[in-house]
Amino acid sequence: ERTGEMPDPARLIGNPYTLDRYRFVPQAAFVPDLADAVARLEARDFDAADFDAIWSPSEPPDAPLRSFADRVEISAIEERANRLRVDYRAPTPALFVAAVTADRDWRARVDGVEVPIQITALGQMAVEVPAGNHSLAFEHRNPVLIWGALLSSLALLGCAIPPITRTMRHGV
C-alpha cells in the first residue's frame, strides 16, 4: 500500500463473470413485460455482455431480436455522482447499457436532445443511440433534494439562533 506495488505473495486476478459497468450491446430482445425480459436473459444463461433483454411495454410479444453496432469506440467517459457522459463513435445505431439502477429521475440526452431510457431485465438503464460521433449524457435530478436541503438549512438556523440571542443579552 505504501509503495503502490503488489507484494510478492499476492497477485491480482480479474473476475471473468463481471460485466463492464458501461457497455454497448450488439443484440437485444425488446419484450412487453418485465418477467418475459428476465426469462429471455435467463434462457441465454445471463450472457448480458453480448445480449440484453429490454422491457418495452409497447413492443409485441413476438418481436424479433434486434441487432446493433458491435464495434463501438468510446473516446471518453466522465462520471460524477449524478452525471455520466460518454463520447462514442458507432458505424450504425447502437444500444448503450449502463450498470446503474434505472430510476425515474434519470434523464438521457444525445448531443443535448433528450432520448428515452429503457429498463433492462437486470433493472439497468439502456439507451438506443444514433450512428456517428456523439456525446451521450445522463443526469440524475432528485426533486426531493431541494426540500431536504431547505429543511436542513432551517434546522441549522434554528440551532444557531439561541447562542446568538444569548450573546446579545449578555453584551447589553
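That block above? That's the structure.
Residues numbered from 1 in each chain as written. Predicted model: local features only at pLDDT ≥ 70, side-chain atom pairs only at ≥ 80, totals over all residues. Heavy atoms only, no water.

Draft legend 1. Region of interest: the overall build of the protein. The helix and strand tally for the protein stands at two helices and 12 strands. Helices and strands appear in the protein in the N-to-C order β-β-α-β-β-β-β-β-β-β-β-β-β-α. Going through the 172 residues of the protein one by one, you find that 28% of them count as buried. Nonlocal contacts in the protein, meaning residues at least 24 apart in sequence, comprise 65% of its contacts between residues at least 6 apart. Per element, the accessible surface of the protein, about 11,800 Å² overall, is 56% carbon and sulfur. (Helix = DSSP H or I, 4+ residues; strand = E, 2+ residues; numbered from the N terminus. Buried < 20%, exposed > 50% of the residue type's maximum accessible area, 1.4 Å probe, protein only. Contact = heavy atoms within 4.5 Å. Areas by Shrake-Rupley, 256 points an atom, 1.4 Å probe, with all protein chains shown as cover.)

Draft legend 2. Local environment of unusual backbone geometry. At Asp-111, a position not held by glycine, the phi torsion is positive, near 50°. With respect to the helices and strands, the residue Asp-111 is situated in the loop between β8 (106-110) and β9 (113-115).

Draft legend 3. Inspection of the pattern of salt bridges at higher detail. Scanning all chains against the criterion turns up 12 salt bridges. For Glu-78, the salt bridge identified is with Arg-80, shortest N-O distance 3.3 Å. What makes Glu-78 partly exposed here is its relative accessible area of 30%. Where Glu-114 meets Arg-109, a salt bridge forms, and the shortest distance between an N and an O atom there is 3.8 Å. (Salt bridge = Lys/Arg side-chain N within 4 Å of Asp/Glu carboxyl O.)

Draft legend 4. The arrangement of the nonpolar core in detail. If you look at the biggest cluster of nonpolar residues, it comprises 21 residues, and the most contacted ones within it are Tyr-88, Phe-96, Val-129, Leu-136 and Phe-138. For this core, the secondary-structure elements that each account for two or more residues are β1 (22-24), β6 (83-90), β7 (94-101), β8, β11 (124-129) and β12 (132-140). Those residues within four positions of Phe-96 in sequence are excluded, and the remaining contacts are Tyr-22, Arg-23, Phe-24, Leu-84, Val-86, Met-125, Ala-126, Val-127, Leu-136 and Phe-138. (Core = buried A, V, L, I, M, F, W, Y, C linked by side-chain atoms within 4.5 Å.)

Draft legend 5. Summary view of the side chain of Gln-118. With respect to the secondary-structure elements, Gln-118 resides in strand β10 (residues 118-120). On the basis of relative accessible area, Gln-118 is assigned to the buried category, the value being 16%.

Draft legend 6. Layout of the packing of aromatic side chains. Taken as a whole and judged by the stated rule, the model has six aromatic pairs. Taken together, a centroid distance of 5.9 Å and an interplanar angle of 35° make the contact between Phe-96 and Phe-138 tilted. Residue Phe-96 is located in strand β7, and its partner Phe-138 is located in strand β12; the two are separated by 42 residues in the primary sequence. On the accessibility criterion, Phe-96 (0% relative accessible area) is buried. Judged by relative accessible area, Phe-138 falls into the buried class, the value being 2%. The cationic tip of Arg-44 hangs over the ring face of Phe-51; the distance from NZ or CZ to the ring centre is 4.0 Å. One Lys or Arg, Arg-66, reaches over the ring of Phe-30 and ends 4.2 Å from the middle of that ring. (Phe/Tyr/Trp six-rings, centres within 6.5 Å; stacked < 30°, edge-to-face > 60°. Lys NZ or Arg CZ within 6 Å of the ring centre and 35° of its normal.)

Keep in mind that these numbers describe shape and distance, not what the molecule does.
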